Amino acid sequence: MEQSGCGDRERFFERFKVPNVAAWDIDAIVTPLEQRVIADLDISADGTFTLHDVALALSCPLTDTDLSFMSLEGIPPVSDDEVRGFISDSYSRGILSYAGGENRYRLSDFYGRLDIFAIKEQDEWRALPEVSRNAIEGWYFDAYYDGLDWDAEGGKPTDENILTLDEALQYIEDNDGDGRQAYLTDCDCRSLKGDCEKPTLVCLSYHSGPNSYPDRGVSRPISSREAKAVVTAADRAGLVHTANPWGVCNCCNDCCYLFRARERRGSGPVWPESKHIVSLNTDTCIGCGICLGRCGFGVFDESDLSGRGKASADTSLCVGCGVCVSTCPSGALSLSDRERALQHDVAAAQQTEKRA
Ligand code: SF4
Ligand code: SF4
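Residues numbered from 1 in each chain as written. Chains lettered and ligands numbered in written order. Predicted model: local features only at pLDDT ≥ 70, side-chain atom pairs only at ≥ 80, totals over all residues.

A look at the site of ligand 2
Residues in close proximity to ligand 2 include V278, R294, C295, F297, V299, C318, V319, G320, C321, G322, V323 and C324, which together make up its full environment. Considered class by class, the residues forming the shell around ligand 2 number nine nonpolar, two polar and one charged. (Near = placed C-beta within 6 Å. Nonpolar A, V, L, I, M, F, W, Y, C, P; charged D, E, K, R; others polar.)

Remarks on the sheet that holds strand 3 (residues 104–107)
On the basis of which strands lie adjacent, the open sheet formed by three strands has the order 1-3-2 and antiparallel pairing. Looking at strand neighbours, the two that pair on one side only are strand 1 (48–50) and strand 2 (96–98), the edges of this open sheet. Shown here is a sheet whose adjacent strand axes are inclined to one another by a mean of 45°, direction ignored. Inspection of the sheet shows strand 1 paired to strand 3 by three bridges, in the antiparallel sense. Bridging from a neighbouring strand, T48 pairs with R106 of strand 3. (Pairing = 2+ DSSP bridges. Helix = DSSP H or I, 4+ residues; strand = E, 2+ residues; numbered from the N terminus. Axes fitted to C-alpha atoms, helices over the stretch in contact; angles between N-to-C directions.)

Structural notes on the pairing of strand 8 (residues 240–244)
Among the five residues in strand 8, four count as buried, and that is most of the element. In this sheet, strand 8 lies alongside strand 4 (residues 161–163) in antiparallel orientation, the contact comprising three bridges. Across the sheet, the residue bridging to I162 is T242, located in strand 8. Here five bridges tie strand 8 to strand 9 (residues 247–251), and the two strands are oriented antiparallel to one another. For A243, the partnering residue across the bridge sits in strand 9 and is V248. Hairpin connection between strand 8 and strand 9: a loop of two residues separates the two successive antiparallel strands. (Buried ≥ 20, exposed ≤ 12 C-beta atoms within 10 Å, placed from the backbone.)

A word on the environment of P272
Tracing the backbone through its elements, the reader meets P272 in the loop between helix 14 (257–265) and strand 10 (276–280). On the basis of neighbour count, P272 is assigned to the buried category, with 26 C-beta atoms found within 10 Å.

Section: helix 17 (residues 338–355)
When the terminal C-alpha atoms of helix 17 are compared, their 26 Å separation across 18 residues agrees well with the 26 Å that a helix rising 1.5 Å per residue should span. The buried count for helix 17 comes to zero of 18 residues, which makes it a mostly uncovered element. (Expected span 1.5 Å × (residues − 1).)

Observations concerning the packing of helix 10 (residues 165–177) against helix 13 (residues 224–236)
Following both chains from N to C, one finds helix 10 and helix 13 inclined at 165°, their axes separated by 10 Å at the closest point. It follows that helix 10 is roughly antiparallel to helix 13 by the angle criterion. The handedness of the crossing between helix 10 and helix 13 comes out as right-handed. Each of L165, A168, L169, I172 and D176 in helix 10 lies in contact with helix 13, whose residues at this interface are S224, A227, K228, V231, T232 and D235. Across the contact of helix 10 with helix 13, the residue classes break down as six nonpolar, two polar and three charged. (Parallel < 35°, antiparallel > 145°, perpendicular 65-115°, else oblique. Left-handed = near helix turned anticlockwise from the far one by under 90°. Contact = placed C-beta atoms within 7 Å.)

Considerations on the environment of S59
You can see S59 is positioned in helix 4 (residues 51–59). Here S59 falls in the buried class, since 22 other C-beta atoms lie within 10 Å of it. Placed 19 residues apart in sequence, S59 and D40 show a C-alpha to C-alpha distance of 9.6 Å.

A few points about the nonpolar core
Counting residues in each nonpolar core, the largest one holds 82 residues, and the members touching the most others are V54, C251, V278, C324 and L333. Here the element with the most residues in this core is helix 7 (residues 110–120); it accounts for six residues. When near neighbours in sequence (up to four residues on either side) are disregarded, L333 contacts V278, L280, C291, C324, V325 and C328. (Core = buried A, V, L, I, M, F, W, Y, C linked by C-beta atoms within 7 Å.)

Quick look at the domain arrangement of the protein
Looking at the assigned domains, one finds that the protein contains domain 1 (9–121), domain 2 (148–262) and domain 3 (276–355). Centre-to-centre, using C-alpha coordinates, domain 2 lies 26 Å away from domain 3. With nine residues of domain 2 in contact, the opposing surface of domain 3 contributes eleven residues. (Domains from an automatic or database assignment.)

Now the structure itself:
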């Protein structure tokens, strides 16, 4: 094991991929002991290390006496319980991960740790100065965005779809039917950004096993019935349901990384995939304005309400979530299949052209 530079800060920053924006606040996110161990670990060429390596790093700096003790016994001067306790704690905090094989681990990085920190230690995250939080969160969003494969097939860097409430409930039903356990966790986007008043305990996943959030104690198992209640309450709160093969989240457009990335990229309605689009029947609209407050995507225009006393909709901005439909008191709003609605619009435009 390397004895020089014990607890080397630069090596910790490099190994844990800590961005400069987090330098001032790093002690609140990664403890000084964790930093020291990360810096001192003897990491193999394949990126893994063992329980014994952790024990050695925890013992750093070693004294001559320690070294002679080790050479006799082959064990470092920290107890087995201390080492296992450190590993268990660091695992649940997202500092290290299982690497497969008995007692083999690999380091996580700042990106992975921050997500868990913001979810599990929200008070500590919120206690950081606002300027630091904004800078760190901005870095996190850029890292997320840059990590997306924008050249992926069909322009879809991930398999994310926007669902209506009925579809989200069916998704839960299907997973339940397949015997998959649902887990509930706080939304990482809203935990990190936290710009809106919307609820955060709304993310459902069906992924478990080593290195998963349930295994790290970040999520808790819930029944299918509870999962449906979470999604229904999220819908009432005006959140948009999005799903991938591993779970359903309930998103807002101001905090959620998916929608912020969509906006930066201009990838709608391809990604996240939107299968529906809103239709407005102005004949039945009573001009109550409820839809304005429900839609987070700027589809409805306030000036028309105060002028004509009717809603107007720029459907090109619609993501097809249906959040406005369920609260429209006159039934003036409905969702249509996006593809068919577009074909219908093209046909109507051609008819008008012919007539002209
Ligand atoms: S909620 Fe319905 S009735 Fe009220 S303004 Fe919007 S479309 Fe019209
Ligand atoms: S107008 Fe479209 S994006 Fe806005 S709430 Fe309704 S369905 Fe969702």
